[in-house]
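The lines below spell out each chain.
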Amino acid sequence: MTVPVEWYVALSAILFSIGALGVLLRRNAIIIFMSVELMLNAANLLFVAFSRYLGDLDGQVLVFFVITVAAAEVAVGLALIVVIFRTKQSINIDEINLMKG
Amino acid sequence: MEFVTPTINILIVLPVLLVAGGGALLMLLELFMAEERVKQWAPTLAIIVLALAFLQTIGLWGQTHTTFTPEGSSPMVILDNFATFLNVIFLLTGFFTVLISVNYLPRVGLNRSEYYMLMLFSLSGMMLMGMANDLILVFLALEVLSIPLYILAGLSRPRPESEESAMKYFFLGAFSSAIFVFGIALTYGATGSTALPAVLAGVSNGGALALAGVAMMLVGFGFKVAAAPFHMWTPDVYEGAPTVVTAFMSVGAKVGGFAAMLRVFVSAFGSLGQTWVPAVAVIAAITLIIGNVVAIVQPNIKRMLAYSSIAHAGYILMAVAASVNSPDGVSAALFYMFAYLFTNLGAFAIAIAAERKLGEGVMLDDYKGLAKRSPLLALAMAYFMLSLTGIPPTGGFSGKFFVFRATLEAGLVWLAVVGVITSVVSGYYYLRVVYLMYMYDGEGELHTKPALLTAVALTVLATLVLGLLPGAWYEITKQAALQGLQVLAGG
Amino acid sequence: MVLFIILAISAVAAALGMLFSRNAVHSALFLVLNFAIVAALYLTLNAPFIAMVQITVYAGAIIVLFLFVIMLLGAEQLRGVAGDGGVWQRWLAGGLTAVLLISFASILFQGNAITPASAAGVIDTSPAALGLRLFEAYVFPFEVTGVLLLAAIIGVVVLSISKKRGQQ
């Protein structure tokens, strides 16, 4: 065990930031959604790394819950994307803008 | 390895089980009964389930229980007066939502039994928000609360506004959940646990890692309760969703977010108060200013009420910011949410009565001449608008009074000043509705059925009682607040 | 150490690849790559079971679902590179990310940021140990995920069935 936990935190933070960038920058709904998955994945990496360094099993158990939530969100999100594509023929979230903010 | 059964007291989570089980029961009924009959019975069944859960909840008032306690660690679920009080708020929200939905849904062609299932599931998530004693349970409760709401917002598909509403709500919800769970992961790393008592014990030595975790969880909650600058989704989602769903989420989702926020921030992160209180205070001030100022230019009642709900999140955040340094903060927040429940749902009930078809009759101009068409409804609407502004004798006034008092006690004088000024500004757009109703003539039909009128009558009555006798009710919220905080500190 | 650096660099590269791909299918494939690399990192972190779950659930199920939807919609080419949002969005995103990264960097270089500086002893992370922990301490959250999945299933059904059922 020569890798300090800080390195894992850094890697996780970078992956999380890339995911956040994707949500803010990309206009394609599917890519935005993949970016959210990347953010959840970064959180999982953090849980597992801390679990290893704290010598605590709970961190790994928590990953299961995050993965379950991710799966539920994927099901709902992709269904929404398909439904909205049927009506609008587009999943560009800038074109999905009937109402003014 | 030996399996050690955790201590389980099922009675404590029975209200939640009843509500979630009611949703599952409805689903099973569809297997055995004709669809039309299920649709007929769904609202009744929902009311029965909510009433049973309500009786069970009331019976638990004054008691403190914990359950799902594994060997040698802290309980997963906690039921104290704080949680009981919030459960009462959620169950009443569900009850009024059923009352205003029962005739609206068939009228606009959305009568599906899934509506009631999803509403009950969402309610069970809200109830868990106040009872969770572990961050991961807070996260799961947040998802159980949110996922049905994403679907409900899109219920009137293929109407594009509704689909768009669901889509926006979903993306910002998923984004904020990811931020929230990253915050949980950081807190876990800093304190070595996600159980709130252990977080409380470890957070003050957690260093910068704990602070980053707290900040990300604050952002996550900010999205959920629609606080500025995380409020962008609110107006579009509220406008596009079917009005009954808007009513449900404007109260339920918001109070749910605050339920967990109060428990997590005031209790578990209390020792970091000097760090997060200024941040919450600034967020509260921005929320108040944006919500109240932008509401002025909204021509649509649903958008106006959306910005108004953002503004009310600001007032509750004031109470949250005051909670660390003032003994009245938590109870003021609870009282404010209790009053907001009746006032806001009452206002939405009238908006539903005035909605001719799906998405028609929701402009402020449609309220012209309401006083001539239906003097009683106009009077009720005027009363709700006074309550939202905060003019006595209404529940809204009492709520604001307690919140401002707590803010002053906590030494946040500038925030109280912002609160008072924005309240005055809010008078403009609330009272404009009253002006339109009484000073103009206008045409339009009203859909008043007994269920909806019952909801209006009950909410008016409750707002009046909270306005005239605030002291007695404040004592109750005070008990809820005190007991809620003590238990967690004891672990 | 060397292994970690190689894996970390490729994970970041895969994530960037997902972000900047013009084609949605390529993005999804980069995401699979990223998930697989993270699974390898789990192996180095004494979490073999999580690594397997990561591969089967994420790479196996979730990404396949993504690819399926992309193919179904024919949406591979919809709107290209990063930054096709407005200019202000680019600045906002850049600024926010910079703040995020700087704050994390400051955490890391502050020293003693993370309480247990020394690595704890290796614990039993077999599926049996995980299962016991799941059903002892986390049995209630486990039940809640049941409600969550049920709600999601009903939700997807509501979204997918034809409109006819909704009308009286």
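Residues numbered from 1 in each chain as written. Chains lettered and ligands numbered in written order. Predicted model: local features only at pLDDT ≥ 70, side-chain atom pairs only at ≥ 80, totals over all residues.

**Focus on the overall build of chain B**
Using the following cut-off: Working definition: helices are DSSP H or I runs of at least four residues, strands are E runs of at least two. Numbering for both runs from the N terminus. Two things to know: the radius of gyration comes from C-alpha atoms, and the globule rule equals 2.2 Å times the number of residues to the power 0.38. Neighbour density around each residue's C-beta defines its exposure: 20 or more other C-beta atoms within 10 Å make it buried, 12 or fewer make it exposed, and counts between make it partly exposed, where C-beta atoms are placed from the backbone. A pair of residues counts as a contact when their C-beta atoms, built from backbone coordinates, are separated by no more than 7 Å.
A count of helical and extended segments in chain B gives 19 helices and 2 strands. Scaling as 2.2 N^0.38, a compact globule of 491 residues should have a C-alpha radius of gyration of about 23 Å, and chain B matches this with 21 Å. Across its three principal axes, chain B shows a C-alpha extent of roughly 70 × 60 × 40 Å. Per-residue burial over chain B gives 67% buried out of 491 residues. In chain B, once contacts between residues fewer than 6 apart in sequence are set aside, the share between residues at least 24 apart is 79%.

**Overview of the domain arrangement of chain C**
The condition that has to hold: The domain limits used here are those given by an automatic or database domain assignment.
Domain annotation for chain C reports domain 1 (1-79) and domain 2 (126-168). The C-alpha centroid of domain 2 of chain C is placed 24 Å from the C-alpha centroid of domain 1 of chain C.

**Notes on the interface of chain C and chain A**
Put simply, the rule reads: Residues are grouped as follows: nonpolar covers Ala, Val, Leu, Ile, Met, Phe, Trp, Tyr, Cys and Pro; charged covers Asp, Glu, Lys and Arg; every other residue, Gly included, is treated as polar.
Counting residues at the interface gives 68 residues for chain C, matched by 60 residues for chain A. Listed by contribution, the elements that provide at least two residues to the side of chain C that touches chain A are helix H1 (2-20), helix H2 (24-44), helix H3 (48-73), helix H4 (87-109), helix H5 (127-136) and helix H6 (139-160) of chain C. Ranked by residue count, the leading element in the side of chain C that touches chain A is H3 of chain C, at 10 residues. Taken together, the residues of the side of chain C that touches chain A break down into 52 nonpolar, 12 polar and 4 charged.

**Some words on the nonpolar core**
Convention followed: Any set of buried Ala, Val, Leu, Ile, Met, Phe, Trp, Tyr and Cys residues joined through C-beta atoms within 7 Å is what this text calls a nonpolar core.
Core analysis: the largest hydrophobic core is formed by 304 residues, its most contacted members being Tyr336 and Met381 of chain B. By residue number, the principal contributor to this core is helix H13 (residues 329-354) of chain B, which donates 21 residues. Split by domain, the residues of this core number at least three in each of domain 1 (1-79) and domain 2 (126-168) of chain C. Apart from the residues lying within four places of it in its own chain, the contact partners of Met381 of chain B are Ala347, Ile350, Leu370, Val433 and Met437 of chain B.

**Considering the interface of chain A and chain B**
Between chain A and chain B, the residue contacts involve 32 residues of the former and 34 residues of the latter. Looking at the side of chain A that touches chain B, the elements that each hand over two or more residues are helix H1 (5-25), helix H2 (29-54) and helix H3 (58-88) of chain A. Ranked by the residues each element gives to the side of chain A that touches chain B, the list is headed by H3 of chain A, at 15 residues. Of the residues that constitute the side of chain A that touches chain B, the class distribution is 24 nonpolar, 4 polar and 4 charged.

**Notes on helix H8 (residues 207-225) of chain B**
Residue pairs spaced three or four apart in an α-helix point in one direction, given the helix's 3.6 residues per turn. Residues and elements named next belong to chain B. Going by this rule: Here the expected span of a helix is defined as 1.5 Å times the quantity of residues minus one.
Helix length check: H8, at 19 residues, gives a terminal C-alpha distance of 27 Å against a target of 27 Å (1.5 Å per residue), a fit within 8%. Taken across its 19 residues, H8 has 16 buried, putting it largely inside the fold. Once H8 finishes, Ala226 follows within two positions and takes phi at roughly 60 degrees, a positive value.

**A short note on the packing of helix H4 (residues 113-131) of chain B against H6 of chain C**
Cut-off, in case you're wondering: Only the contacting stretch of a helix is used when fitting its axis, a line to C-alpha atoms as for every element, and angles between N-to-C directions run 0 to 180 degrees. Here the angle decides the label: under 35 degrees means roughly parallel, over 145 means roughly antiparallel, 65 to 115 means roughly perpendicular, and every other value means oblique. For a crossing to be left-handed, the near helix must be turned anticlockwise from the far one by less than a right angle; the clockwise case is right-handed.
Where H4 of chain B contacts H6 of chain C, the axes come no closer than 10 Å and their chain directions differ by 150 degrees. It follows from the interaxial angle that H4 of chain B and H6 of chain C lie roughly antiparallel. The crossing of H4 of chain B and H6 of chain C is left-handed. Counting all contacts with H4 of chain B, which are made through Glu114, Met117, Leu118, Phe121, Ser124 and Leu128 of chain B, the residues of H6 of chain C involved are Val144, Val147, Ala151, Ile154, Gly155 and Val158 of chain C. In terms of residue class, the contact of H4 of chain B with H6 of chain C is built from 9 nonpolar, 2 polar and 1 charged.

**Concerning helix H18 (residues 450-468) of chain B**
Residues and elements named next belong to chain B. We count it as follows: For this quantity, the arc is that covered by the directions from the helix axis to the C-beta atoms.
In a regular helix each residue adds 1.5 Å, so 19 residues correspond to 27 Å; H18 covers 27 Å between its end C-alpha atoms and thus fits that length. Among the residues of H18, those classed as buried are Leu452, Ala455, Val456, Thr459, Val460, Ala462, Thr463, Leu466 and Gly467. Buried positions in H18, seen along its axis, are confined to an arc of 165 degrees and lie on one side of it. Exposed and facing more than 90 degrees away from the buried side of H18 are Pro450 and Leu461.

**Topic: the environment of Ser156 of chain B**
As for its placement among the helices and strands, Ser156 of chain B is situated in the loop between helix H5 (135-153) and helix H6 (160-191). Those residues within four positions of Ser156 of chain B in sequence are excluded, and the remaining contacts are Leu110, Ser162, Pro242 and Leu358 of chain B.

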